[in-house]
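# Chains, contacts and geometry: an overview
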Amino acid sequence: MQKGNIGVTTENIFPVIKKFLYSDHEIFLRELVSNAVDATQKLRTLATAGETSVDDKELKVSVSVDEQAGTLTVTDNGIGMTADEIERYINQIAFSGVSDFMEKYKDKAEAIIGHFGLGFYSAFMVAKRVDILTKSYRPDSQAVKWSCDGSPEYTLEDIDKTERGTSIVLHIDDDSKDFLKKERIEQLLNKYCKFMPVPVIFGKKTTWKDGKQVETDEDNVINSTEPLWTKAPTTLKDEDYKSFYRTLFPMNDEPLFWIHLNVDFPFHLTGILYFPPIKNNIDLQRNKIQLYSNQVYVTDKVDGIVPEFLTLLHGVIDSPDIPLNVSRSYLQADANVKKISGYITRKVADRLNSLFKENRKEYESKWADLKIFVNYGNLSDNDFYEKAKDFTLLTDVDHKNFTLDEYRTLIKENQTDKEDTLVYLYATDTEAQYSYIQAARDKGYSVLLADGELDLPMISMLEQKLEKSRFVRVDSNTADKLILKDNSSQQELPTEKQELINEAFQTQLPQIDRVQINVVSQPMGSTARPAQITTDEYMRRMKEMSRYQQGMNFYAQLPDSYNLVLNTDHPLIQAILKTTETGTADSLKPVTAEIKGIQAKLDALRQERNKKKPEDVTQNEKDEIQNAEKALAGEQEKRRGIISESSKQNPAIHQIIDLALLQNGMLKGAALDAFVKRSVDMIK
Ligand code: ADP
Ligand code: MG
């Protein structure tokens with residue numbers, strides 16, 4: 001028996017490996033099985049080159065556990081190693097990598113985590129001793145056993161082993177006993193080895209017999225050696241893709257469609273990406289792309305490798321060119337990875353484009369499920385938008401779809417305002433905004449439906465991208481003011497009367513939590529409703545956007561602000577104005593006179609003050625202004641009180657307010673109850 005020292009400078013490297021190298025100890029199995037697969041592949045390559053002969057069909061890897069003996073064994077019938085090769089590949093090469101690395105990162109053991117592929121030596125994360133029993137494929141080679149207990153010392157001895165290949169025997173450490181459990185190993189093999197290119201066998205298939213589970217003679221092969229993505233797309237049918245999707249994601253709904261990726265230059269990449277139906281809840285869909293390197297599972301966290309919006313897709317990507325054992329930030333900066341991500345984005349856009357061009361009907365039928373994905377891409381990746389703007393659809397309230405260009409042409413004639421801006425009208429809820437939608441359509445306008453999760457950010461983005469365009473929600477103004485076409489305004493009431501009727505309603509508005517309503521009046525024609533509620537587009541949009549963007553909290557905290565717009569052309573409003581005028585005329589007279597007097601005085605005082613420099617204004621002058629302001633506020637309060645007193649008696653005012661609130665879904669609780677009672681009284 002030969003003893004030796006592994007060429008390493010840093011003592012006790014193994015505790016470090018064990019502790020810090022991978023957050024997931026379980027990957028040791030992937031490393032050992034993929035080494036075994038490599039060994040068989042190498043033999044295959046040698047056979048192809050005529051250096052040896054081998055029957056392809058006999059190549060295999062098997063994994064077994066012996067709980068009693070405390071061992072886990074990975075066996076292959078691949079190329080094997082001579083004593084010499086062990087010296088070179090295990091003692092020198094594999095380990096030199098580690099020692100270099102330890103030199104560099106001596107002080108920051110934590111930096112090691114997930115940073116470096118240790119391959120074979122990762123076995124020491126779970127084993128207290130590792131044996132290699134191996135016999136090279138070379139004729140007449142001597143079989144050897146290498147053994148190491150985790151110190152830098154190893155032993156090497158000749159053994160009797162007749163079959164070609166290697167067995168790696170792990171004597172599992174006490175704190176890793178979990179890896180002796182059959183179920184655990186089966187689960188890991190399913191995760192990491194499911195698509196490896198050589199059969200991986202784990203025990204025998206079992207069957208139920210006489211109420212018991214018994215082993216059969218058949219090997220339990222856990223992998224499929226030719227997964228779909230390695231096959232030529234021309235040989236595959238739709239059903240093949242669908243059934244492969246089911247094996248990957250048994251719980252998911254059927255995919256809408258898919259892309260088969262296949263590049264050789266400037267990097268190698270194959271794979272299949274599926275478009276899942278996404279209605280909402282984007283986050284549930286993530287982490288469903290599996291990354292493989294030569295059919296060895298690496299991870300399902302592909303952020304950094306594919307652009308974020310593409311993480312909504314499901315499927316597999318296989319590339320030996322993606323550096324696997326490096327940190328995420330390194331990955332994101334890697335030039336290859338950048339190219340790959342650009343390539344995938346382009347492919348996805350091309351695929352959608354051809355679907356749209358070739359079968360628009362089908363594309364439209366899937367648009368509802370596809371929309372979030374496309375819009376997510378539009379919002380996060382300008383290169384994608386540049387391609388996707390041809391197949392991004394707008395949907396109107398009748399569920400008709402238009403491309404951006406088509407829609408522009410459709411509304412150009414009737415929805416361009418006097419500033420030459422194209423006004424896109426939209427609704428977010430066809431039920432709640434029913435009357436506003438109707439009013440807009442009565443004017444011949446088209447109304448879009450924007451009820452999707454990303455529609456609002458999308459609207460903001462389109463306003464930037466499309467020239468001279470503005471999006472306005474149908475309830476943001478009265479129908480005739482949604483799109484202002486000329487300056488000629490209709491007959492307005494004199495200011496005094498407007499103030500009176502506004503005040504009559506303002507004083508009777510119910511208190512609603514976190515809601516602020518401002519009364520205005522304008523002529524809207526005698527056939528329009530007497531009053532309606534509108535929401536200022538800008539403020540509402542800011543509030544809504546604050547959900548998507550950080551730093552907009554200010555808007556989120558503001559109360560919701562609405563306008564109650566009175567139609568001064570409506571006979572009911574005119575009647576209420578009359579009643580209020582007669583009902584308050586006498587009591588308002590002295591107050592109005594007083595207000596006029598104080599206002600005149602205040603104007604004069606202010607004029608005087610404004611002539612002077614701020615430092616020359618005397619205290620006396622300041623006091624006088626302040627007193628006048630106070631007196632004015634007092635009189636105005638009195639005025640409001642008088643109007644309020646009169647309005648309170650007028651059920652028509654309350655009824656009109658409540659109807660407007662009701663139509664907007666804002667009449668609730670006690671207010672709704674009062675409304676119903678009042679309505680009953682009115683028809684009694
Ligand atoms: P890598 O696989 O990246 O080369 P490893 O540390 O996993 O690094 O393995 C080191 C070397 O040991 C391999 O390159 C190979 O030459 C040899 N080796 C490991 N396992 C086997 C095996 N099962 N059969 C033959 N050679 C092996
Ligand atoms: Mg390896």
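Residues numbered from 1 in each chain as written. Chains lettered and ligands numbered in written order. Predicted model: local features only at pLDDT ≥ 70, side-chain atom pairs only at ≥ 80, totals over all residues. Heavy atoms only, no water.

With that out of the way, let us pick up the overall build of the chain. Along its length, the chain carries 20 helices and 22 strands. Taking 26 Å as the expected radius of gyration for a compact globule of 684 residues, we find that the chain reaches 39 Å, considerably beyond that expectation. With respect to the principal axes defined by its C-alpha atoms, the chain has extents near 125 × 65 × 55 Å. Evaluated residue by residue, the chain yields a buried proportion of 47% over its 684 residues. Here the chain has roughly 35,300 Å² of accessible surface; of this, 48% comes from carbon and sulfur atoms. One finds the centroid of the 88 positive side-chain charges in the chain at a distance of 3 Å from the centroid of its 107 negative side-chain charges. (Helix = DSSP H or I, 4+ residues; strand = E, 2+ residues; numbered from the N terminus. Rg over C-alpha atoms; globule rule 2.2 N^0.38 Å. Buried < 20%, exposed > 50% of the residue type's maximum accessible area, 1.4 Å probe, protein only. Areas by Shrake-Rupley, 256 points an atom, 1.4 Å probe, with all protein chains shown as cover. Lys, Arg positive; Asp, Glu negative; His and termini not counted. Charge placed at Lys NZ, Arg CZ, Asp CG, Glu CD.)

Okay, the packing of aromatic side chains next. Evaluation of the coordinates by the stated rule reveals 30 aromatic pairs. Their ring planes at 45 degrees and their centres at 5.0 Å tell us that W229 and Y292 sit as a pair that is tilted. Here the residue W229 occupies a position in the loop between β9 (212-221) and α5 (238-248), and Y292 occupies one in strand β12 (residues 289-293), the gap between them amounting to 63 residues. Connected via pairs of aromatic rings, a cluster forms that spans F257, F275, F309, F356, Y363, W367, F373, F384 and F391. (Phe/Tyr/Trp six-rings, centres within 6.5 Å; stacked < 30°, edge-to-face > 60°.)

The next subject is the site of ligand 1. Within the structure, ligand 1 sits among 13 residues, and N35, A39, D76, G119 and F120 are positioned closest to it. A distance of 2.9 Å is found between an oxygen atom of ligand 1 and a backbone nitrogen or oxygen belonging to F120. Here a nitrogen atom of ligand 1 sits 3.4 Å away from a polar atom, N or O, in the side chain of T166. For the shell around ligand 1, the secondary-structure elements that each account for two or more residues are α2 (27-48) and α3 (83-105). No other element matches the four residues that α2 contributes to the shell around ligand 1. Partitioning the shell around ligand 1 into residue classes produces eight nonpolar, three polar and two charged. (Near = heavy atom within 4 Å. Polar contact = N/O pair within 3.5 Å; in protein donor to acceptor, adjacent residues only side chain to side chain. Nonpolar A, V, L, I, M, F, W, Y, C, P; charged D, E, K, R; others polar.)

The next subject is the side chain of S521. Turning to its location among the elements, S521 is positioned in strand β20 (residues 515-522). Accessibility expressed as a relative area gives 8% for S521, which makes it buried. Engagement of the side chain of S521 in a polar contact is seen with the side chain of N502, the distance being 2.9 Å.

For α5, the complete set of buried residues consists of Y241, F244, Y245 and L248. Buried residues of α5, viewed axially, fall in a sector of 105 degrees; they line one side. On the buried face of α5, the contacting elements are β10 (257-263), β11 (269-275), β12 and β14 (314-318). (Arc of directions from axis to C-beta. Contact = heavy atoms within 4.5 Å.)

Summed over the entire model, instances satisfying the criterion amount to 44 salt bridges. D417 serves as the salt-bridge partner of R470, at 3.1 Å between the closest nitrogen and oxygen. Residue R470 is found in strand β19 (residues 469-473), and its partner D417 is found in the loop between α10 (404-412) and β17 (422-427); the two are separated by 53 residues along the sequence. The class of D417 is buried, set by a relative accessible area of 8%. The shortest N-O distance in the salt bridge between R640 and E637 comes to 3.3 Å. Note that R640 and E637 are positioned in helix α18 (residues 619-648) at a spacing of three residues, about one turn of the helix. Because the salt bridges share partners, they merge into one network encompassing E463, R473, D475, E537, R540, R541 and E544. (Salt bridge = Lys/Arg side-chain N within 4 Å of Asp/Glu carboxyl O.)

This next bit is on the UniProt feature "binding site: ATP" (unreviewed entry) in the chain. The UniProt record annotates "binding site: ATP" (unreviewed entry) at E31, N35, D76, M81, S96, G97, T166 and R328. As for its position among the elements, D76 is in strand β3 (residues 71-76). Contact partners of D76, with chain neighbours within four places excluded, come to A36, A39, T40, K60, V61, R164, G165 and T166. A distance of 2.8 Å separates the side chain of D76 from the backbone nitrogen of G78, its partner in a polar contact. (UniProt positions renumbered as here; feature names shortened; annotations may be inferred.)

Let's shift gears to the UniProt feature "coiled-coil region" (unreviewed entry) in the chain. The UniProt entry lists residues 618-645 under the feature "coiled-coil region" (unreviewed entry), expressed in the numbering used here. As annotated, residues 618-645 comprises 96% helix and 0% strand, and the C-alpha atoms at either end are separated by 41 Å.

Strand order across the open sheet formed by three strands is β18-β17-β19, with parallel pairing between neighbours. Edge positions in the sheet fall to β18 (447-449) and β19, since each of these pairs with one other strand and no more. On average, each strand axis in the sheet is tilted by 40 degrees relative to the strand beside it, whichever way the strands run. The pairing of β17 with β18 spans three bridges and is classified as parallel. Directly across from Y426, in β18, lies its bridge partner L448. Where α10 meets the sheet, its contacts fall on β17, β18 and β19, and the angle it forms with β17 comes to roughly 105 degrees. In the packing of helix α15 (residues 537-545) onto the sheet, the strands contacted are β17 and β19, and the crossing angle to β19 comes to about 85 degrees. (Pairing = 2+ DSSP bridges. Axes fitted to C-alpha atoms, helices over the stretch in contact; angles between N-to-C directions.)

Burial runs high along strand β21 (residues 531-535): five of the five residues are buried. Every second residue of β21 is oriented toward a common face, with A531, I533 and T535 on one face and Q532 and T534 on the other, all of them buried. Sheet analysis places β21 next to strand β22 (residues 560-567), joined by five bridges and oriented antiparallel. Residue pairing across strands places T535 opposite Y562, the latter belonging to β22.

What follows deals with the pairing of strand β13 (residues 296-299). Alignment of β12 against β13, held across three bridges, turns out to be antiparallel. When the bridges of β13 are listed, S293 appears paired with V296.

Let us now look at the sheet that holds β10. Strand order in this open sheet of five strands is β10-β11-β14-β12-β13, and the pairing throughout is mixed. Each end of this open sheet is capped by a strand with a single partner; those strands are β10 and β13. Each adjacent strand pair in this sheet contributes to an overall mean axis angle of 20 degrees, direction not counted. Bridge count between β10 and β11: seven bridges; the pairing is antiparallel. Pairing of L261 across the sheet is with G271, part of β11.

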